[in-house]
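Fold and contact review
Listed here are the chains, written in short residue letters.
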Amino acid sequence: MVAKTRSTTKDATRRYHPIQILSPEGELLGPSPTIKDEELVKMLKFMIVGRTFDQRALSLQRQGRIGTYAPISGQEAVQVVSAMCLNDDEWMFPTYRDYAAMYVHGMPMRDLFLFPMGHPQGGRAPEDVNIYAISISIATHLPHAVGAAWASKIKGEQKAFITYHGDGATSEGDFHEAMNFAGVFQVPLVTICENNGWAISLPRERQTHSETIAQKGEAYGINSQMVDGNDVLALYQVVSESLERARTGQGPTFIEAVTYRLGPHTTADDPGRYRSQEELDEMKQKDPLVRTTKYLRGLGLLSDAEEAEMWEDAKATVSDALKEAENIAVPNQDFFFDHVYAELTPNLIKQRREFIPEEAE
Ligand SMILES: Cc1ncc(C[n+]2csc(CCOP(=O)(O)OP(=O)(O)O)c2C)c(N)n1
């Protein structure tokens with residue numbers, strides 16, 4: 001019997017050079033996966049909607065019209081392309097930074113605004129949209145994603161599941177427990193680490209001594225890939241193959257998508273205190289929107305007028321959604337007692353009486 005070979009860190013590092021197909025200049029570095037022209041154009045359209053939503057949300061927070069917001073600028077490609085590869089009847093388990101992924105998978109933009117407005121409707125996808133509750137507690141949604149994928153496998157469905165998290169999340173116990181179960185039970189889950197270089201003010205180099213984050217998936221015996229997270233073609237190739245593996249019983253995949261957060265961690269911090277302007281300027285050169293635009297221009301799929309129209313349409317979509325969100329009545333301030341348990345626990349009954357004394361009388 002031939003012993004199974006295990007890769008050493010050195011081998012893994014060599015293997016885990018990020019897969020790249022499109023250069024930052026928008027030129028092909030290798031063969032492109034087969035994608036219809038209209039799908040390529042759609043990718044850019046969605047990314048422009050994501051960027052426009054982001055810019056609007058930042059300004060709304062500054063005006064006090066929404067609460068704390070976690071920006072997505074720089075990370076649109078990984079979110080949009082991966083979500084486009086997921087089928088409507090398949091499930092997504094997002095974090096607080098996955099607005100573009102959620103939008104592509106069917107979350108109404110109105111509800112994406114309701115979430116940072118603190119409205120309960122923003123924390124729950126409509127019945128026909130397969131998106132699990134947005135996770136703010138780092139990595140706590142990962143065991144849930146594994147459990148859901150495992151249940152689907154037991155039921156004999158041929159569905160794939162997708163979940164997202166940041167580089168910092170890979171230092172959490174929940175991440176490791178989830179990956180171990182995913183590997184042992186070979187669940188149909190694609191886990192995407194959006195390695196955006198930072199976990200609040202902690203740089204990637206101080207987050208982990210692992211040479212790459214992809215190696216962490218490898219450690220659990222999971223098919224692991226490292227991909228340029230700003231390259232729509234590489235992302236399409238890697239994510240669509242991984243989802244297909246999941247659907248056809250070939251088990252989980254862990255993807256480290258190397259990207260960059262161009263904005264602050266949230267509206268509550270000031271990145272100028274922990275990262276240099278030089279770093280930001282360098283990373284702006286790798287902006288996925290610029291890269292994709294250049295590529296589409298080169299292919300003759302995008303004119304000046306069409307590009308301008310995409311930005312105009314995105315502005316209108318965002319403004320309409322905001323109007324809808326702001327027209328939804330703010331719920332009674334006691335709503336947060338309503339959605340935790342089917343029946344309130346004695347402690348919560350007591351707290352509710354304290355909070356709404358007139359009800360107790
Ligand atoms: C369990 C838990 N611990 C700490 C926090 C506070 N916190 C919020 S975001 C964050 C950093 C997360 O970084 P990363 O996983 O890289 O994701 P990113 O925000 O960069 O997308 C931390 C520590 C939290 N939300 N949950």
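What this report covers is the structure whose coordinates are included nearby. (Residues numbered from 1 in each chain as written. Predicted model: local features only at pLDDT ≥ 70, side-chain atom pairs only at ≥ 80, totals over all residues.)

**Thoughts on the overall build of the chain**
Threshold: Only DSSP runs of H or I reaching four residues or more are called helices, and only runs of E reaching two or more are called strands; each is numbered from the N terminus. Both definitions apply: the radius of gyration is a C-alpha atom measure, and the globule rule equals 2.2 Å times residues to the power 0.38. Working definition of burial: number of other C-beta atoms within 10 Å of the residue's own, with buried at 20 or more, exposed at 12 or fewer, and partly exposed in between, all C-beta atoms being placed from the backbone. We call two residues in contact when their backbone-placed C-beta atoms lie within 7 Å.
For the chain, the count of helices and strands is 15 helices and seven strands. Scaling as 2.2 N^0.38, a compact globule of 361 residues should have a C-alpha radius of gyration of about 21 Å, and the chain matches this with 21 Å. Classification of the 361 residues of the chain by burial places 42% in the buried group. Relative to all contacts within the chain whose residues are 6 or more apart in sequence, the contacts with residues 24 or more apart total 75%.

**Topic: the site of the ligand**
For clarity, the cut-off: Each residue gets a C-beta atom placed from its backbone. Should that atom fall within 6 Å of a molecule or strand, the residue is termed near it. Three classes are used, and their members are as follows: Ala, Val, Leu, Ile, Met, Phe, Trp, Tyr, Cys and Pro are nonpolar, Asp, Glu, Lys and Arg are charged, and the others, Gly among them, are polar.
Around the ligand, the surrounding shell holds 14 residues, and the nearest of these are I138, G166, G168, A169 and A199. Those elements that provide at least two residues to the shell around the ligand are strand 2 (161-166) and strand 4 (198-199). Residues that form the shell around the ligand fall into these classes: six nonpolar, six polar and two charged.

**Examining the sheet that holds strand 2**
Two pairing modes exist for strands in a sheet, parallel and antiparallel, and in both the strands are linked by backbone hydrogen bonds. Which entries qualify depends on this criterion: By definition, two strands form a pair when at least two bridges between them are found by DSSP. Axes, fitted as lines to C-alpha atoms, cover a helix only where it is in contact. Angles between the N-to-C directions of the axes lie from 0 to 180 degrees.
Reading across from one edge, 1-2-3-7-6 is the order of the five strands in this open sheet, with parallel pairing throughout. Both outer strands of the open sheet, strand 1 (91-93) and strand 6 (223-228), are each paired with one neighbouring strand and no more. Averaged over neighbouring strand pairs, the angle between their axes works out to 20° when direction is ignored. Inspection of the sheet shows strand 1 paired to strand 2 by three bridges, in the parallel sense.

**A word on the nonpolar core**
The condition is simple: In this description, a nonpolar core means buried residues of the types Ala, Val, Leu, Ile, Met, Phe, Trp, Tyr and Cys, linked to one another by C-beta atoms lying within 7 Å.
Counting residues in hydrophobic clusters, the biggest one holds 88 residues, and the most contacted among them are V80, V81 and L235. Discounting residues that sit within four places of it in the chain, V81 has contacts with M43, V232, L235, Y236 and V239.

**What about the pairing of strand 6?**
The following threshold applies: The crossover handedness rule: strands pointing away from the viewer, path from first strand over the helix to second strand clockwise, crossover right-handed.
In terms of burial, strand 6 is largely enclosed, as five of its six residues are buried. Examined bridge by bridge, strand 6 and strand 7 (residues 253-258) share six bridges and lie parallel to one another. Across the sheet, residue D228 finds its bridge partner in strand 7, namely V258. Between the parallel elements strand 6 and strand 7, the chain passes through helix 10 (residues 232-247) in a crossover that is right-handed.

**Comments concerning unusual backbone geometry**
The phi angle at A139 is positive, at roughly 70°, despite the residue not being glycine. Along the chain, the position of A139 falls in the loop between helix 5 (109-114) and helix 6 (141-154). The backbone of Q186 sits at a positive phi, close to 45°, despite the residue not being glycine. Mapped onto the fold, Q186 is located in the loop between helix 7 (173-184) and strand 3 (189-195). On the basis of neighbour count, Q186 is assigned to the partly exposed category, with 17 C-beta atoms found within 10 Å.

**Considerations on helix 6**
As a reminder of what qualifies: A helix is expected to reach a length of 1.5 Å times the quantity of its residues less one. It is the directions from the helix axis to the C-beta atoms whose arc is reported.
With 14 residues, helix 6 ought to run about 20 Å at 1.5 Å a step, and its terminal C-alpha atoms sit 20 Å apart, in line with that. Among all positions in helix 6, only H141, L142, A145, V146, A148, A149, S152 and K153 are buried. Angularly, the buried residues of helix 6 cover 165° about the axis, an arc narrow enough to put them on a single face. For helix 6, the exposed residues lying more than 90 degrees away from the buried face are A151 and I154. Two residues or fewer after helix 6 comes G156, characterised by a positive phi angle close to 80°.

**Digging into the packing of helix 2 (residues 37-62) against helix 12 (residues 288-299)**
To characterise two packed helices, one gives the angle between the axes of the helices and the distance between these axes. What counts is decided by this rule: Note on terminology: angles under 35 degrees are roughly parallel, angles over 145 are roughly antiparallel, angles of 65 to 115 are roughly perpendicular, and the others are oblique. Take the far helix as the reference: if the near one is turned anticlockwise from it by less than a right angle, the crossing is left-handed, and if turned clockwise, right-handed.
At their nearest, the axes of helix 2 and helix 12 sit 10 Å apart, and the two run at 150° to each other. Taken together, the axes of helix 2 and helix 12 lie roughly antiparallel to each other. The interaxial crossing formed by helix 2 with helix 12 has left-handed handedness. Along its contact with helix 2, which presents L40, V41, M43, L44, M47, I48 and R51, the element helix 12 presents P288, L289, T292, T293 and L296. Across the contact of helix 2 with helix 12, the residue classes break down as nine nonpolar, two polar and one charged.

**Brief notes about the packing of helix 2 against helix 13 (residues 304-327)**
At their nearest, the axes of helix 2 and helix 13 sit 9 Å apart, and the two run at 50° to each other. Between helix 2 and helix 13, the crossing angle belongs to the class labelled oblique. Of the two elements, helix 2 crosses helix 13, and the hand of that crossing is right-handed. On helix 13, the residues touching L44, K45, I48, V49, T52, F53 and R56 of helix 2 are M310, W311, A314, K315, T317, V318 and L322.

**Things to note about the environment of Q237**
You can see Q237 is positioned in helix 10. The spacing of Q237 and I21 is 216 residues in sequence and 9.3 Å in space, taken between C-alpha atoms. Setting aside anything within four residues of it in sequence, one finds Q237 in contact with I21 and P33.

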